[in-house]
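The primary structure of each chain is shown beneath.
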Amino acid sequence: MGWRGYVRRLVRVVTSFFLWIDILVERRRGRLALLEMTDDQLKDIGISRCDAHREGIRSLWD
């Protein structure tokens, strides 16, 4: 395998890393959105305030 093979592999690894980061950030946005919802909105989606809080404070990688 020449240097092009290593470059291709490096590009795949870096791309995968940034996709993973994007997923984590999007998940965090959703969790923060739960914290901003009203009790009525949470009731509409079937989540209690306690569950929303527990989900909202989870760490980024969790």
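Not measured: the values here are computed from a predicted model.

(A) The overall build of the chain, seen in detail. Along its length, the chain carries 3 helices and 0 strands. Listing each helix as α and each strand as β along the chain from the N terminus yields α-α-α. The C-alpha extent of the chain, read off along each of the three principal axes, is 60 × 20 × 15 Å. Burial status across the chain gives 11% buried among its 62 residues. At a minimum sequence separation of 6, the contacts of the chain that also span at least 24 residues come to 44%. In the form shown here, the chain has an accessible surface area of approximately 5300 Å², with 62% of it arising from carbon and sulfur atoms.

(B) Main features of the side chain of Arg31. Mapping Arg31 onto the fold places it in helix 1 (residues 3–36). Those residues in contact with Arg31, other than ones at most four positions away along the chain, are Glu55, Gly56, Arg58, Ser59, Leu60 and Asp62.

What counts and how
- Residues numbered from 1 in each chain as written.
- Predicted model: local features only at pLDDT ≥ 70, side-chain atom pairs only at ≥ 80, totals over all residues.
- Heavy atoms only, no water.
- Helix = DSSP H or I, 4+ residues; strand = E, 2+ residues; numbered from the N terminus.
- Buried < 20%, exposed > 50% of the residue type's maximum accessible area, 1.4 Å probe, protein only.
- Contact = heavy atoms within 4.5 Å.
- Areas by Shrake-Rupley, 256 points an atom, 1.4 Å probe, with all protein chains shown as cover.

By themselves these figures say nothing about function.
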